[in-house]
Amino acid sequence: MADLMRDSAIGSALLGAVDGAPAADLSAREIEEEVILLFDEFREKLLRYTISLGIGVQDAEDVTQEVFLSLFRHLRLGRSRSNLRGWIFRVAHHLALKHRNSRQRQQARTAPDNFLIDAQADSAANPEEQLNDERRRRRLALVFLVLPERDRWCLLLRAEGLRYREISGVLGISLGAVSNSLARSLARLARADER
Amino acid sequence: MRHANDHVSDEEILMALDGELSVQRTDQVRTHVARCSACRARMEAIEGAGADFNRIYRATESASVPHASSRASLQRKLASLTNDAAGPSRLERWVNPLSAPVWAYVCAAALLLLVLTIGWMHRPDAQREATLVTLPYSNASGPVLPDVRLTPGATRPVTGSEICAAGGPAEMRPPRPVQQAVFHEYGMDTAPEREYEVDHLITPALGGTDDIRNLWPEPYASTEWNAHVKDQLEDHLHSLVCGGKLDLATAQHDMASNWISAYKKYFHSDRPLPRTSDLIEDQRYTPKS
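Residues numbered from 1 in each chain as written. Chains lettered and ligands numbered in written order. Predicted model: local features only at pLDDT ≥ 70, side-chain atom pairs only at ≥ 80, totals over all residues.

*Asks:* Give me the lowdown on the overall build of chain B, citing residues and values where you can.
*Replies:* Across its full length, chain B holds twelve helices and two strands. When the helices and strands of chain B are listed from N to C terminus, the series reads α-α-α-α-α-α-α-α-α-β-β-α-α-α. Looking at chain B residue by residue over its 289 residues, the buried ones come to 32%. Across chain B, contacts joining residues at least 24 apart in sequence account for 68% of those joining residues at least 6 apart. (Helix = DSSP H or I, 4+ residues; strand = E, 2+ residues; numbered from the N terminus. Buried ≥ 20, exposed ≤ 12 C-beta atoms within 10 Å, placed from the backbone. Contact = placed C-beta atoms within 7 Å.)

Given below as structure tokens:
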């Protein structure tokens, strides 16, 4: 999971950013370029994550834009560069929930109804494999959708490559709660997978 | 979540797979799994479910993600922010309080706190309450109580009889890289290491592990509630558990929740007792609640 991030050049820059040059020594133009690079790296991950929290595609785009505008302001004020990946996901998480809550009166839901079910089948697989894959996907989706919301968030953030410490920071829960939640959820998914 | 008969828990299996355990504990988990077919099956099931979930999640949600990038829109907005007087200069950040650096606010807040504290301590009844003001749950030299977010405590699956068969609390220090990681987690990279014990929140003698979640840098001498005092409590709880006067889960829970409160509860004293172990007698044990 963490390999996803470690293999990325931007990820390396982020993880090493604690000791990086102070933002006060960077010009606005340099910070702008840095933010655009981070946007390129994280846009798809943030859209995927925020959509999975239950907001629409357009809202997810808005949230993602707002995250990087906030990041620009954050860096311009010379604030902490420690663990920017965790910072980005934390801001996205809270903005997405804010969007979702503001729209819940019209459209109450906590995750898209088709979540995990609309995955594109592997075109290289034969029809029998595609059918089995479809069944497994539905089983996992059913288990996922009945998990407590916090357990779902932990699974999603893990799937996006965040370390437990980062997940704990995004959700404001203890490290022990993260590992406990993930172990419990994956055990349930594993049992569903066996059927 | 934990398994009897010394099996590793699902949680530890998952943390080993995700690289979230110490190197030493990861080796122990993998060694156990290699010779335990039941644990191996659980590890394969957990790993498979995690991989399946990640694959399906990415495939599903990537299908929802629009391909037309909003990069150009962001670039325009950022350019607009950048061109707004090219952002605040250092001088402007000092002059304009709304854009002052965070540490300026922190300094102002600290100064205000200092003034309020001095005023508070000079109240007529300040002497009586001095113990409350100075209770060292955390102080400038380090955390007497761990940060629950960083150190919630971690235990291995073990029974009371196994604990007692293993003997008393002859505690091994964690490996130096782990200790350094703990100092780093607490933002204390430059603290003098000899003045601290990287201590187990739940002592291994009561089932605690070397997991970083069970470790924090505890000062030796800068406060009365120091590492030596905690050692007294650990010895005492071990003897209570092995004497059948306290169950292991309660001992672990009380240590992890607040060891200072546990000390007061089990020693019936609001202050650390002198370090003469013969003061610690089993008959003292009658918990307040």
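*Asks:* Can you tell me about the environment of threonine 155 of chain B, naming the residues and giving the values?
*Replies:* Residues and elements named next belong to chain B. Examined against the element boundaries, threonine 155 turns out to sit in the loop between helix 7 (126-133) and helix 8 (160-165). Taking the number of C-beta atoms within 10 Å as the measure of exposure, threonine 155 has 22 and is therefore buried. A sequence separation of 46 residues divides threonine 155 from leucine 201, and the C-alpha atoms of the two residues are 9.9 Å apart.

*Asks:* How would you summarise the pairing of strand 2 (residues 215-219) of chain B if you had to cite specific residues and measurements?
*Replies:* Residues and elements named next belong to chain B. Taking burial as the measure, the five residues of strand 2 include five buried ones, the bulk of the element. Of the two faces of strand 2, both are covered, the one formed by Leu215, Pro217 and Pro219 as well as the one formed by Trp216 and Glu218. Pairing of strand 1 (residues 196-200) with strand 2 involves five bridges; the strand directions are antiparallel. Opposite glutamate 197, over in strand 2, you have glutamate 218 as the bridge partner. (Pairing = 2+ DSSP bridges.)

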